[in-house]
Amino acid sequence: MLAIRGAHVFTDGRFAEERAVVVDGDRIASVVPAGEVPAGTAVEDWGDVAIVPGSVNCHGHAFQNLFKGFADDLPFERWRDEVLYPFSIGLDRDAIYTGAAFAFAEAVAAGVTTIVDFFYLHDEGNDTALAVVQAARDVGIRLVLARTFYDRDAPTNAPARYRESPEDARDRFFALAEQLRDDPLLSVQPAPHSLHAASPETIRIALEAARSVGVPCHLHLAEAAYEVEQVRERYGTTPVRLLHREGLLTRELLAVHAVWLDDEELDLVAAAGAAVVHCPGANAFLGDGIARLPEMLRRGIRVGLGPDGGCANNRQSIFEEMRLASLFAKARLTDGAALDAPTAFRLGTAAGADLLRLPVGSIESGRKADLVALDLEDLSLQPRATFERQIVNSMQPTAIAKVMVAGEVVAERGRPTRLDRADLSERIRHVTSRWKGRRQLGRV
Ligand SMILES: [Zn+2]
């Protein structure tokens, strides 16, 4: 047992002064006043810090981190057809490992302790997914491997390596979940790619698989206006209405993006108990639009946050997404009170944990010891009297002093502790040098 003392600890939905988080292995045993640590428990004093729950990233594509900068400032079709599809064809297992280690290392340095990797470079198997798993283990981050179902006959020009039959995808999902069952840092969840890449039948198979093992099911939904039009042409209705009509709008469903939803569709999502992963940074970066977050929350829809793929944001910080979620809601509704800092903070921590069904996201007895220490002497958290709001509205990465996952410190002062940075940079250079010159437009 170890008691970690901080000047402030966020517990029970508020900050308490002079507390110690008592950690037993990978779990939080209790939160006690700093002067009441049980006798015989070692105390580690983290100093003048605010200890908050580790942030939860509910949506990303780690390998895309390698493409950062090559796809910037392009319309979506060119982003996809000139960079995402052709570049992803050439990634071997080693490159996939490198992309994942890159994204996960950036994430832990930014205070993310749980990350979803919505992964689809399957090559008809699970070997590449295991490279992602290895990267997570090496960095020390908690991983949700959202194993994608991408139909072999989907009417897209996506690479063959994404594609499988839904039955194969389901069998491989179960095999991977079984293989990783005993790893406390890993969870495997099914993820039919989208309505353009997975048929209603595939989504049904994935939802049943999710239900049978008690996990949620991730699906890109209504991200961009063009996608709504495609669904309308193909199925004669809008994305959410299609899911409703087919009986696929369920409590397991995590709808990623959900930008283009009208009032009735929001009501359908709320009535079904389905949840939304809001990705404000990526939606802005790709020109998708702004999801109707306050309207979702008013209806009681559960919402978590995600930065999305590395080349569609281009950041790995959930603190950043909290700020963007709040700012975009205010700008869109021309209302400075549209989404406050405490709400945004909850979306990036406890609410995200709830979506993923993981015992993380808050500092209380029985939860995993996933903690972030914020340096209260950092200028970006001044004035001290308002530091609680500044975590969302003003904080810079310089304030992120320590990041702990499952009782182990995995990043300190912006540096991952378990990976050699120079070695990782060299690996990234090795993979990405092949694309040098492909993106002269990117010169500034
Ligand atoms: Zn995505």
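Computed from a prediction, not measured in an experiment: that's the story for all the values here.

Trainee: Where do I start with the overall build of the chain in this structure?
Mentor: Of the regular secondary structure elements, the chain holds 15 helices and 17 strands. Relative to the 2.2 N^0.38 estimate, which gives 22 Å for 444 residues, the radius of gyration of the chain is 21 Å and therefore close to what a compact globule would have. Every one of the 444 residues in the chain was classed for burial, and the buried ones make up 54%. In the chain, 73% of the contacts between residues at least 6 apart in sequence involve partners at least 24 apart.

Trainee: Just checking my understanding: could you explain the packing of helix 2 (residues 93–109) against helix 15 (residues 421–432) for this structure?
Mentor: Packed helix pairs are specified by the crossing angle of their axes together with the interaxial distance, meaning the distance between the axes. Running from amino to carboxyl end, helix 2 crosses helix 15 at an angle of 130°, the nearest separation of the two axes being 10 Å. On the basis of the axis angle, helix 2 is oblique to helix 15. Remark: the crossing between helix 2 and helix 15 carries left-handed chirality. Listed contacts from helix 15 to Ala95, Thr98, Ala101, Phe102 and Ala105 of helix 2 are Leu424, Arg427, Ile428 and Val431. When grouped by side-chain class, the residues that make up the contact of helix 2 with helix 15 number seven nonpolar, one polar and one charged.

Trainee: Looking at this structure, how should I read the domain arrangement of the chain?
Mentor: Quite often, the size of an interface is put as the accessible area lost when its parts meet. Considered domain by domain, the chain is made up of domain 1 (2–53 + 372–416) and domain 2 (55–356). Summarising the inter-unit geometry, the C-alpha centres of domain 1 and domain 2 are found 29 Å apart. If you look at the interface, domain 1 gives 19 residues, while domain 2 gives 22 residues. Those elements giving two or more residues to the side of domain 1 that touches domain 2 turn out to be helix 14 (387–393), strand 15 (400–405), strand 16 (408–412) and strand 17 (415–416). Per-element tally for the side of domain 1 that touches domain 2: the top contributor is helix 14, with four residues. Within the side of domain 1 that touches domain 2, the residues separate by chemical class into 13 nonpolar, two polar and four charged.

Trainee: Any chance you could explain the environment of Leu356 here in plain terms?
Mentor: Positionally, Leu356 belongs in helix 13 (residues 350–356). By the C-beta count within 10 Å, which is 25 here, Leu356 ends up buried. Between the C-alpha atoms of Leu356 and Tyr85, which are 271 residues apart in sequence, the distance is 28 Å. For Leu356, the residues in contact, after removing those within four places along its chain, are Val56, Cys58, Thr114, Val144 and Pro216.

Trainee: Looking at this model, I keep getting lost on the pairing of strand 2 (residues 14–24). Mind explaining?
Mentor: Residues in a regular strand project their side chains so that they alternate between the two faces of the sheet. Relative to strand 2, strand 1 (residues 2–11) runs antiparallel, the two being bridged by nine bridges. Within strand 2, the residue paired with Ala3 across the bridge is Val22. With antiparallel pairing between neighbouring strands as the criterion, strand 1 and strand 2 make up a hairpin whose turn holds two residues, including Asp12 at a positive phi of roughly 55°. The pairing of strand 2 with strand 3 (residues 27–33) spans six bridges and is classified as antiparallel. Paired with Ala20 across the two strands is Val32, which belongs to strand 3.

Trainee: Even after reading the chapter, I still don't get the sheet that holds strand 12 (residues 275–278), so can you show me in this structure?
Mentor: The strands making up a sheet associate through backbone hydrogen bonding, with each pair oriented either parallel or antiparallel. Strand order across the open sheet formed by four strands is 10-11-12-13, with parallel pairing between neighbours. Both outer strands of the open sheet, strand 10 (217–221) and strand 13 (302–305), are each paired with one neighbouring strand and no more. With strand direction ignored, the average angle separating the axes of adjacent strands in the sheet is 30°. Relative to strand 12, strand 11 (residues 253–257) is paired through three bridges, and the arrangement is parallel. Opposite Ala255, over in strand 12, you have Val276 as the bridge partner.

What counts, and at which threshold
- Residues numbered from 1 in each chain as written.
- Predicted model: local features only at pLDDT ≥ 70, side-chain atom pairs only at ≥ 80, totals over all residues.
- Helix = DSSP H or I, 4+ residues; strand = E, 2+ residues; numbered from the N terminus.
- Rg over C-alpha atoms; globule rule 2.2 N^0.38 Å.
- Buried ≥ 20, exposed ≤ 12 C-beta atoms within 10 Å, placed from the backbone.
- Contact = placed C-beta atoms within 7 Å.
- Axes fitted to C-alpha atoms, helices over the stretch in contact; angles between N-to-C directions.
- Parallel < 35°, antiparallel > 145°, perpendicular 65-115°, else oblique.
- Left-handed = near helix turned anticlockwise from the far one by under 90°.
- Nonpolar A, V, L, I, M, F, W, Y, C, P; charged D, E, K, R; others polar.
- Domains from an automatic or database assignment.
- Pairing = 2+ DSSP bridges.

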